Amino acid sequence: MSLNHIRPWRNIYRRTSRQIMVGNVPVGGDAPISVQTMTNTVTTDIAGTIAQVQAAADAGADIVRVSVPDEDSATALKEIVRESPVPIVADIHFHYRRGIEAAEAGAACLRINPGNIGSEARIKEVIQAARDHNCSIRIGVNAGSLEKHLLEKYGEPCPDAMVESGMDHIKILQDHDFHEFKISVKASDVFMAAAAYQQLAEQTDAPIHLGITEAGGLTSGTIKSAIGMGNLLWMGIGDTIRVSLSADPVEEVKVGYEILKSLGLRHRGVNIISCPSCARQGFDVIKTVETLEKRLEHIKTPMSLSIIGCVVNGPGEALMTDVGFTGGGAGSGMVYLAGKASHKMSNDQMVEHIIEEVEKRAAQIDAQAELDAAE
């Protein structure tokens, strides 16, 4: 829940959903919205896959999905799970044995559509394996792979068809008294995905996994995801998210956090507020921000930093940030701490000085948080 009693226009009222566990990560209910990504290595490359999982976790991923297309991948999954710092979701398509093997290997969740894995007996086996190994399930409906009878009924992929597919899969799990599941209804079309998720949110209390599938490359995919997921999150829909990009999984995690941070739903690391720069700038804003983004990646503490090129908006933005720098004249600018003008600093020394001030402020925030927790 994102609530602000002073500025009520910032409030987001999250949809009420029941909570499940994906390993040690709660999803749904009042749990923070978790951020997911998926490895793109060959799963049987155990070292490479573990390295990618670790990099995603270091970037802030709460959950990582790994594809399990064959028996060798299921065997590799056991070691990947053992070495992973975060819960692993096994991506399963069609073959029921892979689902059973993944649960036995320690997967925290199976991404599977119960209606697509064969007979009633096979469905029961997979559900029982999930139950026996404390493994949750994600029903993953995709506009690009809807069941034939639904395409015949509706004529083409559409929100109604996607939601009907999802509810059919939910019924299968519920009929077997299995309730540890979440659900997604993804499409690459932003309008279709948004409409499907809105319908779904009204028909089930299951946790919702949010995503715009096959969104594209880093720039175009980020924009589509921000528009589609951002609007749904603003409406209170979504308990866990995955940004699907043709890019490094770490970039998916970064974009996911930025979407959540922009809505005040999740905070991690330094939120840099910066101007686009213009002829008024007292220093090279773009180069400075690029440098600071890289140099401050190690900061996990939620905090804000304003980097503004001139005094038109700089002082006002600095009022709302933990640390700020505003360009001035004669090769120097003003450093702001906790919203107040503190001291001047030369442009050629400001990057190192800003990093030092950010690290100092992060340490103060962490220390106060420890004190508050101890009370």
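Residues numbered from 1 in each chain as written. Predicted model: local features only at pLDDT ≥ 70, side-chain atom pairs only at ≥ 80, totals over all residues. Heavy atoms only, no water.

**Quick look at the sheet that holds strand 5 (residues 88-91)**
One open sheet accounts for eight strands, arranged 8-7-6-5-4-3-10-9; its pairing is parallel. The open sheet has two edge strands, strand 8 (181-186) and strand 9 (209-210), and neither has a second partner. (Pairing = 2+ DSSP bridges. Helix = DSSP H or I, 4+ residues; strand = E, 2+ residues; numbered from the N terminus.)

**Topic: the sheet that holds strand 14 (residues 332-337)**
One open sheet accounts for five strands, arranged 11-12-13-14-15; its pairing is mixed. Of all strands in the sheet, those with a lone pairing partner are strand 11 (270-274) and strand 15 (340-346), marking the two edges. With direction set aside, neighbouring strand axes in the sheet form an average angle of 20°. Pairing of strand 13 (residues 323-327) with strand 14 involves five bridges; the strand directions are antiparallel. If you follow Gly327 over to strand 14, its bridge partner there is Gly333. (Axes fitted to C-alpha atoms, helices over the stretch in contact; angles between N-to-C directions.)

**As for the nonpolar core**
Core analysis: the biggest nonpolar cluster contains 74 residues, and Leu77, Leu110, Met162, Leu210 and Leu233 have the highest contact counts within it. Ignoring any residue separated from it by four or fewer positions in sequence, one finds Leu77 in contact with Val66, Val68, Ile88, Ala90, Ala102, Ala105 and Ala107. Ranked by size, the runner-up nonpolar core spans 21 residues in total, among them Val285, Val289, Val351 and Ile355. (Core = buried A, V, L, I, M, F, W, Y, C linked by side-chain atoms within 4.5 Å. Buried < 20%, exposed > 50% of the residue type's maximum accessible area, 1.4 Å probe, protein only. Contact = heavy atoms within 4.5 Å.)

**Quick word on the pattern of salt bridges**
Inspection of the entire model under this criterion finds 16 salt bridges. Note that Lys360 is salt-bridged to Glu357, the shortest N-O span being 3.9 Å. Residue Lys360 and its partner Glu357 are located together in helix 12 (residues 350-374), separated by three residues, close to a single helical turn. By relative accessible area, which is 8% here, Glu357 ends up buried. (Salt bridge = Lys/Arg side-chain N within 4 Å of Asp/Glu carboxyl O.)

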